Amino acid sequence: MPSLATPRPLLRAIKKQVGKVKVSLRSQGEALEELFQLFTSERQHLKRFSYMNDPRLRLAYIRYHLPLNTVRSICVLKDLLKRYPAIAETEWVTDMGAGPGSSTIASLLTLPADRTRRYLLTDQSRGALRVAREIFEECAPAEKDGVKTSITTLQQKLPMLPRFQGPTLVWMSMVVNEFDHAEHRGIDIKRFFNKLAEKLPPGSTVIIIEPGLRAPGRRLLALHDSLLESQRWEILAPCTHQKTCPLLSEPKRPWCHFHFRWQPGDIVKQIAVPLGLTAGKGSMSYLAMQPAKEGGLLGNRDPELARVIGDPMDVRHTDAGIYLCQDGKRRVFRNPPKETTRGALLERGRQNRDARLV
Ligand SMILES: C[S@@+](CC[C@H](N)C(=O)[O-])C[C@H]1O[C@@H](n2cnc3c(N)ncnc32)[C@H](O)[C@@H]1O
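Predicted model only: the values in this text are computed from it and were never measured.

On to the pairing of strand β5 (residues 168-173). For β5, the buried fraction is high: six of the six residues fall into the buried class. Taking every second residue as pointing to the same face, both faces of β5 are buried, with Thr-168, Val-170 and Met-172 on one and Leu-169, Trp-171 and Ser-173 on the other. Direction of pairing for strand β2 (residues 92-96) relative to β5: parallel, over a ladder of four bridges. Bridge pairing in β5 places Val-93 opposite Leu-169. When β5 meets strand β6 (residues 205-211), the two strands line up parallel, connected through five bridges.

Laid out in structure tokens, this is it:
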């Protein structure tokens, strides 16, 4: 399981934001609890109410969800870059439903600082974008040897799309579940992604991150299948195939999700620990893809490459087993190589003992 700490520049920026608002720690904790309710049992209020425009709720978000989602995005991006390093060549990064800029900060601190990068953040909340800009300016490197890092913010409501000026890394982190739900009339998620595929220049990458919970996780699997069906997308990760998702038809309704360890930092712990948030672990579901256009990357088609989608478990007649997703099928793999953990990529050989982690 990957282990990540909240990056220090982000912790400093969060501390600065916290210092600007005169709200007791207790009241911030209450606001964080309200946010959790809003994201779970009171989701029906999300459509009418922009919590990012409420300074109390926004501060609670910045103090807990911003660092957590930044670490989620770093996890996904690092894993993706190992297999598809060309993604790091992009000049444009577009963070849609950016909030305070979690995925923007993840990109800023993960992509090599060897070229000019232009960040575009869109959100329906002006307040979130203002804070995102302040945090970005705290974390961005100063211009050096002609290499610049710039930010543009755009108040815009999805499904509207910004203009893409070149191959772009597009983030949609923890936002699809907010604008894609039954009560949001007029938003057709399939049409939205068809339009996105059409508008994105070849070589652009889209990363969707969703909570590691069953309901949004399974909705993401269904979205995956509809994207494949549209023939407009190449799937880069976590799937290692271009076939329908084997988990959607599984009777016990599992979903594809991954874990990481998280060292949140003191400023986060101060608000999280009194609420019992002490696990130091996070989870997520995600999907990374490119529009299927000439000049873009191709997703994997090697049937031997598999993604580990479960934790080691006891299997009858062998020491251990683990679930793999391989070539569009879910399989139990017996006696996996040592160090095999959920999320790993495994190149299978002719026999199990030939398998190796990649
Ligand atoms: C849970 S936050 C995620 C923020 C950030 N991407 C992250 O990962 O921390 C969802 C964000 O999506 C924005 N949002 C929700 N529905 C939207 C819509 N229809 N158009 C634009 N932004 C939207 C909200 O204002 C909020 O900032």
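Moving on, there is more to tell.
Below, the discussion takes up the side chain of His-241. Its place among the elements puts His-241 in the loop between β7 (233-237) and β8 (258-263). Taking relative accessible area as the criterion, His-241 reaches 3% and is therefore assigned buried. In contact with His-241, not counting residues within four places along its chain, are Ile-235, Pro-246, Asn-300, Cys-325, Asp-327 and Gly-328.

Okay, the domain arrangement of the protein next. Assigned domains within the protein: domain 1 (3-291) and domain 2 (305-357). One C-alpha centre belongs to domain 1, the other to domain 2, and the line joining them spans 29 Å. Facing the 17 residues of domain 1 at the interface are 14 residues of domain 2. Counting each side, the surface lost to burial between domain 1 and domain 2 is near 1,300 Å², with a carbon and sulfur contribution of 57%. On the domain 1 side of the interface with domain 2, the three residues burying the most area are Thr-240, Pro-246 and Phe-258, jointly 34% of the side's total. Here domain 1 and domain 2 share three salt bridges between them. Two residues, Lys-243 and Asp-327, come together in a salt bridge whose shortest N-O distance is 2.9 Å. For the interface between domain 1 and domain 2, the tally reads six residue pairs in polar contact (both at pLDDT 80 or more).

Scanning all chains against the criterion turns up nine aromatic pairs. Arranged with centres 5.0 Å apart and planes meeting at 85 degrees, the rings of Phe-192 and Phe-193 form a pair that is edge-to-face. In this structure Phe-193 comes out as buried when scored by relative accessible area, which is 0%. Chaining the aromatic ring pairs together yields one cluster made of Phe-36, Tyr-64 and Trp-262. The ring of Tyr-323 carries Arg-330 above its face, with NZ or CZ at 4.1 Å from the centroid.

Turning next to the environment of Glu-91. By the element assignment, Glu-91 lies in the loop between α3 (55-83) and β2. Along the chain, Glu-91 and Arg-115 lie 24 residues apart, while their C-alpha atoms are 7.5 Å from each other. Beyond its immediate stretch of four places on either side in the chain, Glu-91 contacts Thr-116, Arg-117, Arg-118 and Pro-167. Among the polar contacts made by the side chain of Glu-91, one reaches the side chain of Arg-118 at a distance of 2.5 Å.

Moving on, we get to the site of the ligand. Residues in close proximity to the ligand total 18 residues, the closest being Tyr-61, Ser-102, Asp-123, Leu-158 and Ser-173. At 2.8 Å, a backbone N or O of Gly-97 approaches a nitrogen atom of the ligand. Gln-124 places a main-chain nitrogen or oxygen 3.2 Å from a nitrogen atom of the ligand. In the complex, the protein chains occlude 97% of the 590 Å² of accessible area that the ligand would expose alone. Looking at the shell around the ligand, the elements with two or more residues in it are α3 and α6 (176-179).

Before going further, it helps to examine the sheet that holds strand β13 (residues 345-347). Within a sheet, neighbouring strands are paired by backbone hydrogen bonds and run either parallel or antiparallel to one another. Reading across the sheet, the five strands line up as β12-β11-β10-β13-β14 and stay open at both edges, with antiparallel pairing between neighbours. Strands with a single pairing partner mark the edges of an open sheet, and in this sheet they are β12 (329-334) and β14 (356-357).

What follows is about the pattern of salt bridges. Following the criterion strictly, the structure yields 15 salt bridges and no others. The salt bridge involving Glu-91 is made with Arg-118; its shortest N-O contact spans 2.5 Å. With a gap of 27 residues between them, Glu-91 in the loop between α3 and β2 and Arg-118 in strand β3 (residues 117-123) connect regions that are remote in the sequence. Overall, Arg-118 belongs to the partly exposed group, its relative accessible area being 32%. Here Arg-117 ties to Asp-114 by a salt bridge, and the two come within 3.6 Å at their closest N and O atoms. Salt bridges sharing common partners tie together Lys-20, Arg-130 and Glu-134.

Definitions and limits used
Residues numbered from 1 in each chain as written. Predicted model: local features only at pLDDT ≥ 70, side-chain atom pairs only at ≥ 80, totals over all residues. Heavy atoms only, no water. Buried < 20%, exposed > 50% of the residue type's maximum accessible area, 1.4 Å probe, protein only. Helix = DSSP H or I, 4+ residues; strand = E, 2+ residues; numbered from the N terminus. Pairing = 2+ DSSP bridges. Contact = heavy atoms within 4.5 Å. Domains from an automatic or database assignment. Buried area = accessible area lost by both parts, 1.4 Å probe. Salt bridge = Lys/Arg side-chain N within 4 Å of Asp/Glu carboxyl O. Polar contact = N/O pair within 3.5 Å; in protein donor to acceptor, adjacent residues only side chain to side chain. Phe/Tyr/Trp six-rings, centres within 6.5 Å; stacked < 30°, edge-to-face > 60°. Lys NZ or Arg CZ within 6 Å of the ring centre and 35° of its normal. Near = heavy atom within 4 Å. Areas by Shrake-Rupley, 256 points an atom, 1.4 Å probe, with all protein chains shown as cover.

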